[in-house]
Amino acid sequence: MSFFQLENVTFGYDTGSGPVVRDFSLRMEQGEIVGILGSSGCGKSTLLRLIAGLEAPAGGRILIAGKVLVDPRQFVEPEHRGVGMIFQDYALFPHLTVEQNILFGLHRLTKREREQRLGEMLSLVQMEGYGKRYPHELSGGQQQRVAFARALAPRPAILLMDEPFSNLDADLKKKIREDLKQLLRHAHITTILVTHDKEDAETICDRIIRLAR
Amino acid sequence: MTGAALRRSLKRKWNGWVALSVTGAVLALLPSLYILLGLFARTTENWQHIQEYMLLDYALQSLLLVLGTVSCTIVVGVSLAWLVAAYDFPLRRFFSFAFVLPLAIPPYIAAYTYGNMLSYTGSIQTFLRNEWGLAPDQRYFDIMSMKGAIFIFTLFLFPYVYLIAKTFMEKQSAAFIENALLLGKNSLHIFWRIVLPLSQAAIAGGASLVAFEVLNDFGVTKHFGIQSFTAAIFKTWFGMYDVDSAIRLAAWLMSLIIGIFVVERLVRRRKKFSSPTNRMTPLRRRKLKGLSKYAVLCFCVAVAALSFFIPVAQLAVWATWTYKEVLNDVFVQLLTNTLLISCISITLLMILAVTVANVIRYSRTSVFSLVMTRLISMGYSIPGAVLSIGVLAVVISLDKELAPLYAWLGFAEGKLVISMSLFMLIFAYIIRFLAVGYNAVEAGFEKTGNRYAEASRLLGMGMTRTFFKVDLPLIKGAVITGFILVFMEIVKELPLTLLLRPYNFETLATKAYQYASDEQIHQASIPSLLIIGVGIVSVYFYHWLGERQAK
């Protein structure tokens with residue numbers, strides 16, 4: 001059995017314009033990095049929201065490590081899913097510092113474990129010394145790294161990334177893409193990356209799925 | 001949806017937040033429901049009398065008042081909005097703010113200020129007699145009439161139209177106007193053929209607010225002795241002691257208001273013009289020169305003076321005459337009462353507003369959300385007099401239900417506990433102004449978006465912890481804004497306070513009103529000035545927020 005499974009997932013918004021996602025199935029092994037490629041409006045971000053539990057599918061089921069996240073009878077709330085997500089605009093809490101952002105998801109650990117994990121994450125993304133800064137005092141690339149550290153800190157079972165490069169300048173993008181690839185390999189984490197840029201997906205991912213409209 | 005899926009969805013969505021929201025909305029609906037049921041109740045003997053001798057007259061008077069005020073406010077509000085939005089003239093920025101200030105003065109305070117100023121012994125006639133030896137015809141000074149009421153309402157309610165129209169003209173119409181200019185049209189033509197039709201929906205929005213305010217009024221019509229619909233309700237209630245008939249009248253008034261609401265919607269339905277591009281170039285103002293510059297300046301000075309500076313100056317003069325007599329222990333008690341009741345009500349109101357907004361933000365377009373927002377906003381469009389009857393009826397019947405409990409607790413038989421307490425007034429304030437607080441909070445949530453909350457959920461925080469750790473710090477400003485706006489509304493609210501307060505409980509507004517109706521108008525000046533002061537702070541806050549959003 002695969003580590004992560006989506007089976008016949010279907011979803012449509014209330015507005016009645018027909019399903020955005022229809023009978024979508026996907027299997028992934030642990031540590032695999034899968035890219036989902038498609039033009040805007042094809043439902044790729046919706047797919048991530050379904051996995052994260054921010055939307056409820058009309059049909060189908062999602063399993064992770066044998067545990068059901070959602071099926072027609074059950075629905076695990078996003079806070080209990082163990083899914084990490086990096087949002088398109090990173091959504092770093094503007095009222096918290098870099099440290100506080102990363103510590104945010106570590107509330108279940110003891111104080112010592114928290115401090116230790118914080119140190120690990122800051123060094124993983126090479127942001128030591130930036131802990132006391134606020135998000136608006138960082139560059140786009142730095143913000144992305146903090147978002148990455150924040151999502152990874154609670155050790156999620158799977159990491160979801162929604163267009164991680166869309167907010168970056170073109171010349172920065174190439175370098176950051178390489179960095180991210182290294183980070184992901186280092187962390188050895190199962191990842192789904194959604195993008196409209198073929199090159200992004202080809203650089204980073206083990207496998208690419210194309211979504212048609 | 002299958003049964004299992006429905007159960008899953010219910011389980012997923014039902015929590016403390018939703019439960020509290022639904023309870024709040026149902027409670028807010030209760031008084032209105034009670035009143036509308038009055039339409040189906042059996043009529044009393046009085047009803048025939050009311051129908052024959054009062055109903056038509058009073059309805060016509062109210063209609064005249066509303067139509068007169070609405071047309072005058074549209075003329076004044078739209079022309080000022082256009083002048084401020086499209087032209088540059090001396091003191092333009094000052095006027096842009098000064099025209100909002102009348103909102104700080106409740107019309108009932110304006111009514112008795114002008115009423116006294118223009119009376120035979122008032123400052124204007126005294127001045128004319130003593131300084132210039134003139135004894136003009138009293139008819140020129142007869143403000144205690146329908147015309148006078150329209151005059152007062154227009155001066156102090158036109159900012160609603162002005163504000164909405166100005167915002168629209170500044171933001172939306174630039175491209176169209178510039179095109180029209182390039183096509184060689186002159187300003188007047190542009191105003192009539194382009195700006196006015198485009199602003200139609202915005203103007204209708206402002207005008208309907210004015211109509212609601214006029215129908216809600218109690219102080220002005222009472223002081224001027226105009227037989228409005230609200231007056232009829234009071235006459236039946238307190239003159240004939242016929243609560244059933246009063247409820248029936250209130251129900252008719254409410255139907256009228258629902259009617260206005262529908263008409264406004266119909267006018268606006270297909271007229272929501274907005275430029276197809278997101279790029280909004282602000283309107284370039286044209287400099288006025290020569291005669292037109294001075295004409296515009298005179299007009300603006302006249303409106304600003306009449307609608308704010310003259311009445312405030314007059315009140316200030318009266319305050320210097322009476323402060324020794326008015327400022328005493330009783331006055332301190334008055335202040336404490338006002339602050340106490342406002343703070344309790346606003347705290348409860350904002351908790352409910354924030355809860356509902358936090359529930360609705362996740363599914364804005366769903367039927368549930370639409371119904372909730374409608375229910376929440378309803379209280380604001382119901383006139384205070386109508387709402388107070390509804391609340392009173394609900395609370396009295398609640399007291400009756402609880403009678404066995406009271407007996408068990410050892411109270412005397414037939415004692416009304418809740419209806420004699422502050423609870424009733426607080427309940428009414430919350431229903432009436434929930435929309436004000438809710439809109440402020442909602443704007444805050446809309447600006448922040450859902451992504452921070454979603455990020456927090458994915459980092460393992462539940463809805464409640466997310467709210468306190470992420471949402472609340474981010475919408476703090478919006479909550480404070482809501483607090484201040486509701487505070488202004490409660491401090492100046494007259495009919496609700498007057499009708500639902502416990503015996504001998506006086507606030508600034510009721511005391512000012514009491515002085516004025518006891519012909520002690522000079523004494524009313526100090527509480528009035530305080531109310532206006534709170535109003536100015538809120539208006540300034542509002543203006544500042546608007547300017548900041550515009551940037």
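Everything quoted here is computed from the prediction, not taken from an experiment.

Thresholds applied
Residues numbered from 1 in each chain as written. Chains lettered and ligands numbered in written order. Predicted model: local features only at pLDDT ≥ 70, side-chain atom pairs only at ≥ 80, totals over all residues. Heavy atoms only, no water. 1 Å grid on protein atoms, 1.4 Å probe; cavity = no way out; pocket = protein on both sides within 12 Å on 5 of 7 lines; lining within 4 Å. Points joined across faces, edges and corners; volume = space filled by probe spheres on them. Helix = DSSP H or I, 4+ residues; strand = E, 2+ residues; numbered from the N terminus. Nonpolar A, V, L, I, M, F, W, Y, C, P; charged D, E, K, R; others polar. Domains from an automatic or database assignment. Contact = heavy atoms within 4.5 Å. Buried area = accessible area lost by both parts, 1.4 Å probe. Salt bridge = Lys/Arg side-chain N within 4 Å of Asp/Glu carboxyl O. Polar contact = N/O pair within 3.5 Å; in protein donor to acceptor, adjacent residues only side chain to side chain. Phe/Tyr/Trp six-rings, centres within 6.5 Å; stacked < 30°, edge-to-face > 60°. Buried < 20%, exposed > 50% of the residue type's maximum accessible area, 1.4 Å probe, protein only. Lys NZ or Arg CZ within 6 Å of the ring centre and 35° of its normal.

Asks: Hey, could you run me through empty space enclosed by the protein in this one?
Replies: To find the voids left in a structure, one rolls a probe of water-molecule size over its atoms. Residue and element names in this part refer to chain B. Going through the model one piece at a time under the given rule, you end up with four cavities of 30 Å³ or more. Lining the largest cavity are 23 residues, and of these Pro-106, Pro-107, Glu-213, Asn-216 and Lys-492 sit closest to its centre. Among the elements of the structure, helix 5 (107-117), helix 7 (146-172), helix 9 (187-216), helix 18 (422-448) and helix 20 (463-492) are those that each provide at least two residues to the lining of the largest cavity. Top contributing element to the lining of the largest cavity by residue count: helix 7, with four residues. Per-class residue counts for the lining of the largest cavity are 15 nonpolar, two polar and six charged.

Asks: Explain the domain arrangement of chain A to me, please; I cannot follow it from the model alone.
Replies: The parts lose accessible area when they come together, and the size of an interface is often stated as this lost area. Residues and elements named next belong to chain A. We note that the domain assignment places domain 1 (1-82 + 160-213) and domain 2 (90-155) within chain A. Centre-to-centre, using C-alpha coordinates, domain 1 lies 23 Å away from domain 2. Taken together, the 13 residues of domain 1 in the interface contact nine residues of domain 2. Carbon and sulfur atoms make up 69% of the surface buried where domain 1 meets domain 2, a total of about 890 Å² over both sides. Contact with domain 2 buries surface across domain 1, with Leu-168, Ile-176 and Leu-183 losing the most and accounting together for 40% of the total. On the surface where domain 1 and domain 2 come into contact, there are zero salt bridges. Counting across the interface, domain 1 meets domain 2 through one residue pair in polar contact (both at pLDDT 80 or more). Taken together, the residues that form the side of domain 1 that touches domain 2 break down as nine nonpolar, three polar and one charged.

Asks: What is the right way to look at the packing of aromatic side chains in this model?
Replies: Where two aromatic rings form a pair, the distance of their centres and the angle of their planes describe that pair. Under the defined criterion, the tally for this structure stands at 23 aromatic pairs over all chains. Ring geometry for Trp-82 of chain B versus Tyr-87 of chain B: centroids 6.1 Å apart, planes at 85°, classification edge-to-face. In this structure Trp-82 of chain B comes out as buried when scored by relative accessible area, which is 9%. Centroid distance Phe-467 of chain B to Phe-468 of chain B: 5.1 Å. Interplanar angle 80°. Geometry classified as edge-to-face. Since its relative accessible area comes to 5%, Phe-467 of chain B is described here as buried. Taking the relative accessible area as the measure of exposure, Phe-468 of chain B reaches 52% and is therefore exposed. Across the ring face of Phe-93 of chain A, the terminal group of Arg-150 of chain A is positioned such that the distance to the ring centre comes to 4.6 Å. A cation over an aromatic ring shows up here: Lys-511 of chain B above the ring of Tyr-515 of chain B, its NZ or CZ 5.3 Å from the ring centre.

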